[in-house]
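Chain residues, written in single-letter form:
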Amino acid sequence: MTQASVVGVPQGAPVEVDKDKRNWLVASCAVGGAGVAAVAVPFVSTFQPSEKAKAAGAAIEVDISDIKPGEKKTVEWRGKPVWIVRRTPEQLASLPKVDALLADPKSERKPDELTPVYARNENRSIKPETLVVVGICSHLGCSPSDKFQPGAQPSLPDDWAGGFLCPCHGSTFDMAGRVYKNKPAPDNLEVPPYMYLSDTRLLIGEDKKA
């Protein structure tokens, strides 16, 4: 087998290697490779969804064991506030009494968007005592305030039975999130998909077992 010749060097003559040049080439390749890797890592990472993005669309588990009668807990789902209210027996008893004052007492408007099948009842809930609604007014997207105390109050009628008041334009909702007549808000508050994982835990965002 013959030795390959190098241009300008007689065949069979020893070839001298410039060690300094070789070391420089090796170092340059190593640095270049590292640079490519450094650029590639953030580029590839842009294809990975962030934890915040995952949470924005994922169902969330909520512990409701700490909510006392007459209290409300607010959680975030898909960037929206979701209210979980544990209604008192008195608040539940007030619901049928205000039906005649409501714009959509039976939740018949936009049922596929606003009220799942299991919430198309007087309480708008799976279990009577627990209300789960998105806390965004159907008028211009403001967040209503709690007005659970019955009776006359500023911006509310003398026979107020308890519920929610939107401070932006005065829309009112009862303790089931149903909008009163002759108000700017056209629809009831949205009931999101949800289900019970146990007596004390909710899954908001999914309702396959509900």
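Computed from a predicted model, the values in this text were never measured in an experiment.

A. Seen up close, the sheet that holds strand β7 (residues 172-173). The three strands lie next to each other as β5-β6-β7, forming an open sheet whose pairing is antiparallel. In the strand order of this sheet, the two ends are held by β5 (145-147) and β7, each with one partner. Looking at chain direction, β5 and strand β6 (residues 163-165) are connected through three bridges and run antiparallel. Bridge pairing in β6 places Lys147 opposite Gly163.

B. Local environment of the environment of Asp63. Residue placement: Asp63 occurs in strand β1 (residues 60-63). Under the relative-accessibility criterion, Asp63 is labelled partly exposed at 31%. Taking the C-alpha atoms as reference, Asp63 lies 9.5 Å from Ser198; in sequence the two are 135 residues apart. Beyond its immediate sequence surroundings of up to four residues, Asp63 is in contact with Lys73, Thr200 and Arg201. Among the polar contacts listed, one links the side chain of Asp63 to the side chain of Ser65, at a separation of 2.7 Å.

C. Spotlight on the pattern of salt bridges. The final tally for this structure, using the stated rule, is ten salt bridges. Among the ionic pairs, Asp187 bridges to Lys110, the shortest N-O distance being 3.0 Å. Of this pair, Asp187 sits in the loop between β7 and β8 (194-198) while Lys110 sits in the loop between α3 (89-94) and α4 (111-114), placing them 77 residues apart in sequence. What makes Asp187 buried here is its relative accessible area of 7%. On the basis of relative accessible area, Lys110 is assigned to the partly exposed category, the value being 43%. Ionic contacts of the salt-bridge type, sharing partners, join the residues Asp99, Glu122, Asp174 and Arg178 into one network.

D. The arrangement of the packing of aromatic side chains in detail. Going through the model one piece at a time under the given rule, you end up with five aromatic pairs. Both rings, one in Trp160 and one in Tyr180, keep their centres 5.7 Å apart while their planes meet at 35 degrees; by these two values the pair is tilted. With a gap of 20 residues between them, Trp160 in the loop between β5 and β6 and Tyr180 in the loop between β7 and β8 connect regions that are remote in the sequence. Both residues of the pair, Trp160 and Tyr180, count as buried. By the ring-pair criterion, three or more aromatic residues cluster together here, those being Trp83, Phe148 and Phe164. Looking at Lys72, its charged tip hangs above the ring of Trp83, at a distance of 4.2 Å from the centre. Note that Lys127 overlies the ring of Tyr196, its terminal NZ or CZ placed 4.3 Å from the centroid.

Calculation notes
- Residues numbered from 1 in each chain as written.
- Predicted model: local features only at pLDDT ≥ 70, side-chain atom pairs only at ≥ 80, totals over all residues.
- Heavy atoms only, no water.
- Pairing = 2+ DSSP bridges.
- Helix = DSSP H or I, 4+ residues; strand = E, 2+ residues; numbered from the N terminus.
- Buried < 20%, exposed > 50% of the residue type's maximum accessible area, 1.4 Å probe, protein only.
- Contact = heavy atoms within 4.5 Å.
- Polar contact = N/O pair within 3.5 Å; in protein donor to acceptor, adjacent residues only side chain to side chain.
- Salt bridge = Lys/Arg side-chain N within 4 Å of Asp/Glu carboxyl O.
- Phe/Tyr/Trp six-rings, centres within 6.5 Å; stacked < 30°, edge-to-face > 60°.
- Lys NZ or Arg CZ within 6 Å of the ring centre and 35° of its normal.

Interpretation note: all reported values are geometric properties and have no functional meaning in isolation.
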